[in-house]
Amino acid sequence: MNGASKTFLIYSSVVVIVPFLFAVIRFKKMEQAWRSLALLIFFDFLVEVISHVLYFLEISNHFLWPIFILIEFTLLARIYKSEFKKMAIGRFIPIVTLLFITYVIADWLMAPKDDLSAIPHFLEGVLILLLVLCYYYKNLSSLIETQLERQPMFWLSTGLFIYFSANSVIFIFSNYIQMLSLQFFNLIWFTHSIFNILLYIFYTLTVCLIPKKLNYNI
């Protein structure tokens, strides 16, 4: 990987500062459900800071990812549970969350030392995509939201759909790609960084659109 690409990979995560600052400014004005997104952004920021420190100390950051996956999925599931509270699917989200947490912890305990399993991240992506598709179905079938472009939930779901659609594939095939071609593997992770930036942009847009009191159930 050339110097420019390596620098981009390292510093692309700095974009998280933008949604972090907006979340700090608007946190007290958010309703309880949306504070889960703010907490996720705060946690993203913390993980990025720790990862950068570990990188410069030449220490593996693999131990962070099971923790990150668990907290990310739990907070996102909490947002969708509130969105689906009048639907049957909303009652199953806590059960799925508990099962997912149990699986990730078991996978982490059984994995070889310092080995990063791609399956938990892939599974998280599949579950998040299912929640996003349920959100789209809810709105397309009921036509309650007439101005989706002004709804923070729409932009959050769209950002998650783009991010996890791409990165779920990246993570599940990452080990195979690394064995196949190191150059292609580096290109894939370069692409992953671009999707990270896109996700932070969608987080920022979502936070900016969150009103003090929402006009729809969440």
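Structural data are supplied above this passage.
All values reported here derive from a predicted model rather than from experimental measurement.

## Regarding the packing of helix α4 (residues 64-83) against helix α5 (residues 89-110)
Then comes step 1: Their axes nearest at 10 Å, the elements α4 and α5 cross at an angle of 180 degrees. As the angle between them shows, α4 and α5 are arranged roughly antiparallel. Counting all contacts with α4, which are made through P66, I69, L70, F73, T74, A77, Y80 and K81, the residues of α5 involved are G90, I93, P94, V96, T97, F100, I101, V104, I105 and W108.
Then comes step 2: Of the residues assigned to the contact of α4 with α5, the class counts are 14 nonpolar, three polar and one charged.

## Description of the environment of S60
Then comes step 1: Take S60: it is sitting in the loop between α3 (32-56) and α4.
Then comes step 2: Accessibility expressed as a relative area gives 30% for S60, which makes it partly exposed.
Then comes step 3: At 3.2 Å, the side chain of S60 forms a polar contact with the backbone nitrogen of H62.

## Some thoughts on α3
Then comes step 1: Here α3 is 25 residues long and its end C-alpha atoms lie 37 Å apart, about the 36 Å a rise of 1.5 Å per residue gives.
Then comes step 2: Directly after α3, the chain includes E58, whose backbone phi takes a positive value near 60 degrees.

## Considering the packing of aromatic side chains
Then comes step 1: Overall, the coordinates contain 15 aromatic pairs when judged by the stated rule.
Then comes step 2: Geometrically, the ring pair formed by F20 and F45 is stacked, given 4.1 Å between the ring centres and 15 degrees between the ring planes. On the criterion of sequence distance, the pair formed by F20 in helix α2 (residues 17-26) and F45 in helix α3 is long-range, its members being 25 residues apart.
Then comes step 3: Here the aromatic rings of W65 and F68 are separated by 5.5 Å at their centres, their planes lie at 80 degrees, and the arrangement is edge-to-face. A residue pair is termed a helical-turn pair when its members lie 3 or 4 positions apart in one helix, as W65 and F68 do in helix α4 at three residues.
Then comes step 4: Taking the relative accessible area as the measure of exposure, W65 reaches 25% and is therefore partly exposed.
Then comes step 5: Note on F68: relative accessible area 8%, which makes it buried.
Then comes step 6: In this structure an aromatic cluster arises from ring pairing among Y135, Y136, F154, W155, F161 and F202.
Then comes step 7: A cation sits over an aromatic face here: R35 above F27, 4.8 Å from the ring centre.

About the thresholds
- Residues numbered from 1 in each chain as written.
- Predicted model: local features only at pLDDT ≥ 70, side-chain atom pairs only at ≥ 80, totals over all residues.
- Heavy atoms only, no water.
- Axes fitted to C-alpha atoms, helices over the stretch in contact; angles between N-to-C directions.
- Helix = DSSP H or I, 4+ residues; strand = E, 2+ residues; numbered from the N terminus.
- Parallel < 35°, antiparallel > 145°, perpendicular 65-115°, else oblique.
- Contact = heavy atoms within 4.5 Å.
- Nonpolar A, V, L, I, M, F, W, Y, C, P; charged D, E, K, R; others polar.
- Buried < 20%, exposed > 50% of the residue type's maximum accessible area, 1.4 Å probe, protein only.
- Polar contact = N/O pair within 3.5 Å; in protein donor to acceptor, adjacent residues only side chain to side chain.
- Expected span 1.5 Å × (residues − 1).
- Phe/Tyr/Trp six-rings, centres within 6.5 Å; stacked < 30°, edge-to-face > 60°.
- Lys NZ or Arg CZ within 6 Å of the ring centre and 35° of its normal.

On their own, these measurements won't tell you what the molecule is for.
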